[in-house]
Amino acid sequence: MSYIYGEARNQFTITSLDEQIGQDNPVRLIDLLVNLLFTEEIGETCLKGTNKTGRPAYHPRHMMKLFVYGYMNRIASSRRLEMEAQRNIELMWLINSVRPDFKTIADFRKDHQDTITNMTIKFNRMLRDKGLIAGELMALDGTKIKANAGAKELKSEKLTESIQEIEAAIQRYFVLLQQNDLKDDLDDLDANTMNTVELIEKKIKELQEKQAQLKDYQKVAASTTRGKVNPTDPESRFMKGQHESFAGYNVQVIVDSLFKLIAASQVTQSSNDLNEMIPALENLKETMDIEPTILLADNGYENIAALQTLELEGKTNALVMPKEESNEEENYKKSSFKYDEKKDCYYCPKGHELKRKGGIQKRKERWAQVYQCKKSTCAKCANKAKCNKSKEGRTITRYTDEKWVEEYHNKVKNSTNKALLKRRKAIVEHVFGTLKCWMGKIPLLLRGKRKVQTEINIYTTAYNLKRLIKLFGINGVISRLMANLEVNWDSFTNLPNINAAFPICFVWLRNISVYRTLSI
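Residues numbered from 1 in each chain as written. Predicted model: local features only at pLDDT ≥ 70, side-chain atom pairs only at ≥ 80, totals over all residues. Heavy atoms only, no water.

Some details on the layout of surface pockets
Piece 1. What the largest pocket holds in volume is close to 1,200 Å³.
Piece 2. The wall of the largest pocket is formed by 29 residues, among which Glu302, Lys334, Glu402, Val405 and His409 lie closest to the centre.
Piece 3. Contributing elements (two or more residues each) for the lining of the largest pocket: helix H11 (304-313), strand S13 (395-399) and helix H14 (402-412).
Piece 4. Among the elements that take part in the lining of the largest pocket, H14 stands out by supplying five residues, more than any other.
Piece 5. The residue inventory of the lining of the largest pocket, partitioned by class, reads ten nonpolar, six polar and 13 charged. (1 Å grid on protein atoms, 1.4 Å probe; cavity = no way out; pocket = protein on both sides within 12 Å on 5 of 7 lines; lining within 4 Å. Points joined across faces, edges and corners; volume = space filled by probe spheres on them. Helix = DSSP H or I, 4+ residues; strand = E, 2+ residues; numbered from the N terminus. Nonpolar A, V, L, I, M, F, W, Y, C, P; charged D, E, K, R; others polar.)

This is the structure we're talking about:
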């Protein structure tokens with residue numbers, strides 16, 4: 001039986017790295033886009049200094065290409081990226097065979113957050129300008145992502161005790177230091193005494209730093225509703241997941257309905273989505289200068305005050321899915337009671353009257369009036385068990401803007417808006433499924449809200465790029481992004497060793513239809 005043995009390992013061949021990369025390979029698109037989007041203004045945030053001595057830094061373009069390629073291929077770890085840069089032919093072509101170590105890779109991602117954020121915004125704006133993000137019908141949703149933090153939390157009371165213990169230890173070391181100073185005055189030549197003084201001073205400094213850190217933790221714990229802080233990532237918050245609770249972040253994403261591309265993302269510390277609609281829209285306006293005509297969201301965003309604010313502004317029609325009441329027949333819900341506007345009272349399913357009780361009360365950002373049935377009437381009712389367990393009689397709370405809420409719910413339930421809301425899941429839900437699949441068991445590698453935002457920005461850029469390639473192919477993406485675009489080819493020569501590889505890239509561009517649209 002015959003087999004395919006391939007070529008001999010010691011066979012000599014003459015070939016270039018570029019010949020081993022197909023013309024439809026995604027790395028060519030990554031290379032082209034990063035070179036186009038990376039400007040001198042962005043590069044200034046990555047400057048290591050102007051000193052010509054010492055080893056030069058890696059070019060920020062190379063680092064950006066490295067991260068986009070890595071996250072597109074589910075390689076986020078700096079150690080794995082270091083390994084891929086040494087053995088992956090695609091990555092060698094993309095970053096000109098430079099081989100940064102894992103520490104350099106990790107530090108760039110950690111320290112140059114503005115550079116990564118600006119590149120993400122520029123890429124998304126390019127998609128907007130080329131008509132790939134329309135900004136008309138968009139969907140908003142949030143997901144909780146586990147932080148790179150341990151399960152242990154510190155209580156505010158425990159932090160106070162630890163701070164007091166450290167303070168007592170510092171005072172004891174100060175007493176020892178004073179005693180050694182006195183001894184030092186008696187014998188200036190005692191080397192052991194001087195060594196002891198240095199050790200005590202070093203210990204005091206360590207304790208003071210530890211105390212300052214615990215005080216910072218205490219401030220964070222005091223600002224939370226639970227009065228606890230995670231020492232691994234103090235900026236993370238306690239989140240309740242579907243199967244477990246964990247320290248994490250709430251990631252808000254707005255997706256455009258045209259090609260299901262991510263228009264904006266924002267990392268928050270909120271445990272739910274109730275107050276996140278307006279901040280998400282403000283972030284979209286700030287980064288993309290887009291105010292969507294229609295915004296779709298699930299019932300977690302049903303914040304009446306926020307919806308009323310958006311209606312008054314008249315720019316975005318926010319459609320939030322109404323909350324479904326349970327179908328338990330044994331309980332009477334609020335919808336079972338009828339409101340009489342003329343008499344300003346409620347009637348229960350048995351026809352008993354619920355009259356106003358007290359004055360108008362403020363509840364969070366809204367005002368409400370309480371209506372209550374008579375105690376004696378409620379106690380004699382045969383359906384009391386289905387209605388309530390209160391000894392004082394059933395109560396109903398009616399907000400002063402209840403009529404507006406009813407009109408809004410009726411508007412949401414009309415056939416046109418119901419059809420739009422049915423599209424919401426198809427627009428935004430698969431985005432989270434894809435990103436979480438890429439993230440794996442350890443979703444985030446960075447700690448702190450701002451650094452996590454940086455990592456999410458890389459993920460959204462990689463997602464949008466991979467989505468475009470899936471929809472249009474490499475040539476299709478280039479023809480759309482490069483159409484009618486004036487390219488300053490001189491900017492490409494700023495990258496070391498790019499001149500040798502660029503003519504091949506130019507021939508590749510020339511061979512597709514987009515060549516006619518380039519202004520050279």
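Structure's up, so let's keep going.
Overview of the packing of aromatic side chains
Piece 1. Overall, the coordinates contain nine aromatic pairs when judged by the stated rule.
Piece 2. Residues Phe259 and Phe472 carry aromatic rings whose centres are separated by 5.2 Å and whose planes lie at 80° to one another, so their mutual orientation is edge-to-face. Highlighted residues: Phe259 in the loop between strand S5 (245-256) and strand S6 (262-268) and Phe472 in helix H17 (residues 449-481), separated in sequence by 213 residues.
Piece 3. Taking the centre distance of 5.0 Å and the plane angle of 55° together, the rings of Tyr339 and Tyr346 count as tilted.
Piece 4. Ring pairing ties together the aromatic residues Tyr339, Tyr346 and Tyr371, which thus form one cluster.
Piece 5. A cation sits over an aromatic face here: Arg79 above Phe102, 3.8 Å from the ring centre. (Phe/Tyr/Trp six-rings, centres within 6.5 Å; stacked < 30°, edge-to-face > 60°. Lys NZ or Arg CZ within 6 Å of the ring centre and 35° of its normal.)

Some words on H17
Piece 1. With 33 residues, H17 extends just 32 Å between its outermost C-alpha atoms, more than 12% less than the 48 Å of an ideal straight helix rising 1.5 Å per residue.
Piece 2. Phe472 marks the point of greatest bend in H17, at about 105°. (Expected span 1.5 Å × (residues − 1). Bend = angle between axes of the 7 residues up to and from the residue.)

Regarding the nonpolar core
Piece 1. Within the largest apolar cluster, 99 residues are counted, with the highest numbers of intra-cluster contacts made by Met277 and Leu296.
Piece 2. Element by element, the count of residues in this core is highest for H17, at 13 residues.
Piece 3. Setting aside residues up to four positions removed in sequence, Met277 forms contacts with Leu140, Leu295, Ala297, Tyr301, Leu307, Leu310, Ala318 and Val320.
Piece 4. Listed in part, the 15 residues of the second largest apolar core include Ile166, Leu207, Tyr217 and Val229. (Core = buried A, V, L, I, M, F, W, Y, C linked by side-chain atoms within 4.5 Å. Buried < 20%, exposed > 50% of the residue type's maximum accessible area, 1.4 Å probe, protein only. Contact = heavy atoms within 4.5 Å.)

A few points about the sheet that holds strand S10 (residues 345-347)
Piece 1. The antiparallel open sheet is built from five strands, whose spatial order is S9-S10-S11-S12-S13. Only two strands of the sheet have a single partner each, and these edge strands are strand S9 (338-340) and S13. Put simply, the sheet's adjacent strands are angled 35° from each other on average, direction ignored.
Piece 2. Sheet analysis places strand S12 (residues 366-373) next to S13, joined by five bridges and oriented antiparallel. From the neighbouring strand, Tyr371 faces S13, where its bridge partner is Ile396.
Piece 3. Across the sheet, H14 is in contact with S12 and S13; its angle to S13 comes to roughly 80°. (Pairing = 2+ DSSP bridges. Axes fitted to C-alpha atoms, helices over the stretch in contact; angles between N-to-C directions.)

Brief notes about empty space enclosed by the protein
Piece 1. Overall, the coordinates contain two cavities of 30 Å³ or more when judged by the stated rule.
Piece 2. What the largest cavity holds in volume is close to 130 Å³.
Piece 3. Together, 14 residues line the largest cavity, and Val34, Val68, Met119, Phe123 and Thr461 are the ones closest to its centre.
Piece 4. As a volume, the second largest cavity reaches approximately 90 Å³.
Piece 5. Lining the second largest cavity are 14 residues; nearest its centre among them are Cys348, His352, Cys378, Cys381 and Cys387.
Piece 6. Of all the secondary-structure elements, those providing two or more residues to the lining of the second largest cavity are helix H12 (375-380) and helix H13 (384-387).

Re the pairing of S5
Piece 1. Extensive coverage of S5 is indicated by the burial of eleven of its twelve residues.
Piece 2. Here strand S1 (residues 137-146) pairs with S5 via nine bridges, running antiparallel. Pairing of Thr143 across the sheet is with Val251, part of S5.
Piece 3. Inspection of the sheet shows strand S4 (residues 237-240) paired to S5 by four bridges, in the antiparallel sense. Residue pairing in the sheet places Phe238 in a bridge with Ala247 of S5.
Piece 4. What sits between the antiparallel neighbours S4 and S5 is a turn of four residues.
Piece 5. Relative to S6, S5 runs antiparallel, the two sharing six bridges. Within S6, the position partnered with Val255 by the bridge is Ile262.
Piece 6. Taking the residues between adjacent antiparallel strands as the criterion, S5 and S6 are bridged by five residues, where Lys260 takes a positive phi near 60°.

Some words on the packing of helix H16 (residues 424-439) against H17
Piece 1. Running from N to C, H16 and H17 cross one another at 115°; their axes reach a closest spacing of 11 Å. On the basis of the axis angle, H16 is roughly perpendicular to H17. H17 is crossed by H16, and the crossing has right-handed handedness. Of the residues in H17, those touching H16 at His430, Val431, Thr434, Leu435, Trp438 and Met439 are Ile456, Tyr459, Ala462, Tyr463 and Lys466.
Piece 2. Class assignment of the residues belonging to the contact of H16 with H17 gives a composition of eight nonpolar, two polar and one charged. (Parallel < 35°, antiparallel > 145°, perpendicular 65-115°, else oblique. Left-handed = near helix turned anticlockwise from the far one by under 90°.)

Looking at helix H1 (residues 26-37)
Piece 1. Here H1 spans 17 Å end to end across twelve residues, near enough to the 16 Å set by a 1.5 Å rise per residue.
Piece 2. The element H1 is largely enclosed, with a buried count of eleven among its twelve residues.
Piece 3. Taken together, the buried positions of H1 are Val27, Arg28, Leu29, Ile30, Asp31, Leu32, Leu33, Val34, Asn35, Leu36 and Leu37.

A word on the packing of helix H4 (residues 78-87) against helix H6 (residues 102-111)
A pair of packed helices can be characterised by two numbers: the angle between their axes and the separation between those axes.
Piece 1. Put simply, H4 and H6 touch, their axes get as near as 8 Å, and they point 125° apart. Between H4 and H6, the angle is such that the two are oblique. By crossing handedness, the relation of H4 to H6 is classed as right-handed. Counted together, Ser78, Arg79, Leu81 and Glu82 of H4 and Phe102, Ile105, Ala106 and Arg109 of H6 form the full contact between these two elements.
Piece 2. The residue makeup of the contact of H4 with H6, split by class, is four nonpolar, one polar and three charged.

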